[in-house]
Structures are given as C-alpha cells and as structure tokens.
Amino acid sequence: GDRKGGKGDYYGDRKGGKGGGFGGPPGPQIIVRGFDFGTTEEQVWNHFDHCGEILELRFLGEGTAVVKFASEAQASRAVDLNRSTIDGNQRYIN
C-alpha cells in the first residue's frame, strides 16, 4: 500500500471513505481475530499490506479488526495468512 502515516490513514478517510465507518469505498473485507490486545493498527496494516491495496482498517475490539481490500483476489491472499503471527505478537490470528 501507499500508507503515509497518521491515524486517518488507517480509518475510513482513505480513498474517499468517511470517518472510521465502513460507509466508504466498496470492497471485500475480512475479519481478523486473535491477535494480542496491545497490537497497533500499524502492525495489523503492515501484516496485510503485501496482500494488496487496503482501503480501510477498523478495530472492532481488543484482538479483532476488519480489513477491507480493493479486490476479492487481495482479500483471498489475506485469508491465506490464517494462523500466522503479526510481528510483535505471541498469538496467531484466525
């Protein structure tokens, strides 16, 4: 991706979305669960960034997030990371 930094880049105001909700650009999304509670948005972003263009990332609670991608193929690549470990974590994601 082309993340430039800053909190807004991780939420809904990337590529035309609005303020942290998922009313922004359409795209397939995955739910990521099981990562360490202290994991940052940037760590989750970096874990999935090589799968393709991330349109939105939103935490749903501790250890759970939704990641929206630009295409089904990119989301599918992210699903292939099931049972992988985010850098800095001790628990795997599912």
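Calculation notes
- Residues numbered from 1 in each chain as written.
- Predicted model: local features only at pLDDT ≥ 70, side-chain atom pairs only at ≥ 80, totals over all residues.
- Heavy atoms only, no water.
- Pairing = 2+ DSSP bridges.
- Helix = DSSP H or I, 4+ residues; strand = E, 2+ residues; numbered from the N terminus.
- Axes fitted to C-alpha atoms, helices over the stretch in contact; angles between N-to-C directions.
- Contact = heavy atoms within 4.5 Å.
- Core = buried A, V, L, I, M, F, W, Y, C linked by side-chain atoms within 4.5 Å.
- Buried < 20%, exposed > 50% of the residue type's maximum accessible area, 1.4 Å probe, protein only.
- Polar contact = N/O pair within 3.5 Å; in protein donor to acceptor, adjacent residues only side chain to side chain.
- Arc of directions from axis to C-beta.

Asker: For the sheet that holds strand E3 (residues 64-69), give the residues involved together with the corresponding values.
Answerer: If you walk across this open sheet you meet the three strands as E1-E3-E2, and the pairing is antiparallel. Where the open sheet ends on each side, the last strands, each with one partner, are strand E1 (29-33) and strand E2 (54-61). Taking the axes of each pair of neighbouring strands and ignoring which way they run, one obtains an average angle of 20 degrees across the sheet. Two strands pair when backbone bridges link them, and E1 and E3 are joined in this way by five bridges, in the antiparallel orientation. When the bridges of E3 are listed, Gln 29 appears paired with Lys 68. Helix-sheet contacts for helix H1 (residues 41-48) involve E1, E2 and E3, and the interaxial angle to E2 is about 135 degrees.

Asker: Outline the nonpolar core, listing residues and values.
Answerer: Ile 30, Val 32, Phe 35, Val 44, Phe 48, Val 67 and Phe 69 are the most contacted members of the largest nonpolar core, which totals 17 residues. Contributing elements (two or more residues each) for this core: E1, H1, E2, E3 and helix H2 (72-79). If near-sequence neighbours (up to four positions away) are discounted, Val 67 is found in contact with Pro 28, Gln 29, Ile 30, Val 32, Val 44, Phe 48, Ile 54, Glu 56 and Leu 57.

Asker: Describe the pairing of E2, and please don't skip the residues or the numbers.
Answerer: In terms of strand pairing, E2 meets E3 through six bridges, oriented antiparallel. Directly across from Gly 61, in E3, lies its bridge partner Thr 64. The turn joining E2 and E3, which pair antiparallel and follow one another in sequence, is formed by two residues; a positive phi near 80 degrees is taken by Gly 63.

Asker: Describe the side chain of Asn 89, naming the residues involved and giving the relevant values.
Answerer: Mapped onto the elements, Asn 89 comes out in the segment after H2. In terms of polar contacts, Asn 89 uses its side chain to reach the side chain of Thr 39, at 3.0 Å. Once you skip the residues sitting within four places of it in the chain, Asn 89 turns out to touch Phe 35, Asp 36, Thr 39 and Gln 43.

Asker: Describe unusual backbone geometry, listing the residues and the values that go with them.
Answerer: Residues apart from glycine generally show negative phi values, whereas peptide bonds are mostly found in trans. One non-glycine residue, Arg 83, adopts positive backbone phi at about 70 degrees. Tracing the backbone shows Arg 83 in the segment after H2.

Asker: Please provide a residue-by-residue account of the environment of Glu 41, values included.
Answerer: Following the sequence through the fold, Glu 41 ends up in helix H1. The spacing of Glu 41 and Arg 58 is 17 residues in sequence and 8.0 Å in space, taken between C-alpha atoms.

Asker: Outline H1, supporting the account with residue identities and numerical values.
Answerer: Within H1, the full set of buried residues consists of Glu 41, Val 44, Trp 45, His 47 and Phe 48. End-on, the buried residues of H1 take up no more than an arc of 160 degrees, which puts them together on one face. Looking at the packing, one finds that the buried side of H1 touches E1, E2, E3 and H2.

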